[in-house]
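Reading the structure
What follows is the residue order along each chain.
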Amino acid sequence: MLSINEPSWQAILEKSYHKPYYKSLIDKVLLAYASEKIYPDKNDIFKAFELCSFHQTKVVILGQDPYHGVDQAHGLSFSVKKGAMIPPSLLNILKEIKRDLGNEIPQEGSLVRWAEQGVLLLNAILTVEASQPGSHKHLGWERFTDQVILHLSNKKQNLVFLLWGAFAGRKKGLIDDEKHLILTSAHPSPLSCYRGFQGNEHFSKANYFLIKNGQQPILW
């Protein structure tokens, strides 16, 4: 059975592992790995949770599904493996950070450093077939990750949720906006970033909210 090894997430999500939908989901996922080229590597499916515990989580950045190209996805939304070319959406994120905070654009596209500071880089769908974006949309991952979002909303205080694009924006209803800061905008994709992602100042706004609520800001 595939499941999260990080103890705090294990405790929070244990009931999900015993539900029939989860067993069905994992059976489908394992069958896909046995018969197709699937990303990320099986050992990296739950990497976002392993690098950012439930207790550590301060910011949630929600993506749709993993990158579907060779040597890109490693279990963190928008992030790519070290050495991989920075994809266009991630480059627009890094450009907005530079515009917002003045940080220079890094040479690498790995966002592990964010995860280790408490940024949960969560894809709603945790696996994908090579060269087939959205191919695992109907396996059942969203039922699982919706539960993750609900647990975060219900059991924590003063989180920042960054929801970019229509897909992520639809998750807004899962989040208690009286307890948490929800920041929405267009997606950073080159097809839509000019519609409101550029200049959204989400990174400074997130840090201002964290500081105001007694938490350490993220070193973006």
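These numbers were taken from a predicted model, which means no experiment stands behind them.

**Remarks on the sheet that holds strand β6 (residues 181–185)**
Strands sit in the order β3-β2-β5-β6 across an open sheet of four strands; the sheet is parallel. Edge strands, defined here as strands with exactly one partner in the open sheet, are β3 (119–123) and β6. Averaged over neighbouring strand pairs, the angle between their axes works out to 20° when direction is ignored. Pairing analysis gives five bridges linking strand β5 (residues 160–164) to β6, with the strands arranged parallel. The residue bridging Leu 162 from the neighbouring strand is Leu 183, located in β6.

**Thoughts on the environment of His 180**
Its location among the elements puts His 180 in the loop between α7 (165–169) and β6. Setting aside residues no more than four positions away along its own chain, His 180 makes contact with Leu 152, Ser 153, Lys 156, Gln 157, Asn 158, Leu 159, Phe 161, Ile 175 and Phe 209. Polar side-chain contacts of His 180 include one of 3.5 Å to the backbone nitrogen of Asn 158.

**Things to note about the environment of Ala 84**
Within the secondary structure, Ala 84 sits in the loop between β2 (59–63) and α4 (88–101). Taking C-alpha positions, Ala 84 is 8.5 Å from Ser 110, a pair spaced 26 residues apart along the chain.

Procedures and definitions
Residues numbered from 1 in each chain as written. Predicted model: local features only at pLDDT ≥ 70, side-chain atom pairs only at ≥ 80, totals over all residues. Heavy atoms only, no water. Pairing = 2+ DSSP bridges. Helix = DSSP H or I, 4+ residues; strand = E, 2+ residues; numbered from the N terminus. Axes fitted to C-alpha atoms, helices over the stretch in contact; angles between N-to-C directions. Contact = heavy atoms within 4.5 Å. Polar contact = N/O pair within 3.5 Å; in protein donor to acceptor, adjacent residues only side chain to side chain.

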